[in-house]
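Close look at the chain arrangement
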Amino acid sequence: MAGRLMRLLFRPGWRLRCIDPPLGWVRVSDDVLPVAGIRLQVTTFLTSQWAGAVTVKELQLRVMAGEREYVVPWIATADPDGVPLGDTPEYSVGSAAPHHAFVDFASDAPDLVVLLESATEAVPVQLEGIFNAGIEFRPIAGLDLTIEQPLLRGSEWRRVRTGRELTE
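Notes on the structure in this doc start here. (Residues numbered from 1 in each chain as written. Predicted model: local features only at pLDDT ≥ 70, side-chain atom pairs only at ≥ 80, totals over all residues. Heavy atoms only, no water.)

1. Some thoughts on the environment of Gly142
Following the sequence through the fold, Gly142 ends up in strand E9 (residues 138–145). Gly142 gets classed as partly exposed once you look at its relative accessible area, which sits at 37%. Separated by 16 residues in the primary sequence, Gly142 and Gln126 place their C-alpha atoms 4.4 Å from one another. (Helix = DSSP H or I, 4+ residues; strand = E, 2+ residues; numbered from the N terminus. Buried < 20%, exposed > 50% of the residue type's maximum accessible area, 1.4 Å probe, protein only.)

Quick look at the structure:
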């Protein structure tokens, strides 16, 4: 009984979870050096209502293409209205309600640009993060980005399927 009471009073921690479905967009900018951009609408929550706020210090996206893997860095975060969440991408998730954010990733790796422009199958990606005082990346969500039409270079975001869509 005392052990159960101690577990209830001093919960060992929290877990950051991603609510389905995360929404995704991609684009390849038409600059001197093309940049592949991936935007995710991420809704996260804490699994313990007694947990303190969790600070998302760093995010990255691992894009897998066969034997090749690209680590795409996090460049910006905005709220659902498009307003940046601060001078740095860092943000906090509290236990009271789900947190909604648009998270942008970008890379100028030529092979990644070609992959996104010519993808004919789903491209598996893994969203990972560093939280609070952590020192290593932990997985948040695995997705399969499917680009349904050829991706043309430009500044507009193109909606992609994430493999975790709502069913009707």
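That covers the picture; the talk isn't over yet.
2. Side note on the pattern of salt bridges
For the coordinates displayed, the defined rule picks out six salt bridges. Across the pair Glu117 and Arg153 runs a salt bridge, and its minimum N-O distance is 2.5 Å. With Glu117 in helix H2 (residues 110–118) and Arg153 in the loop between E9 and strand E10 (158–160), this residue pair connects regions lying 36 residues apart in the sequence. For Glu117, a relative accessible area of 24% translates into the label partly exposed. Since its relative accessible area comes to 39%, Arg153 is described here as partly exposed. Across the salt bridge formed by Arg161 and Glu148, the nearest N and O atoms sit 3.5 Å from each other. Here Glu148 lies in the loop between E9 and E10 and Arg161 lies in the segment after E10, a separation of 13 residues in the sequence. Overlapping salt bridges bring together Arg62, Glu69 and Glu128 as one network. (Salt bridge = Lys/Arg side-chain N within 4 Å of Asp/Glu carboxyl O.)

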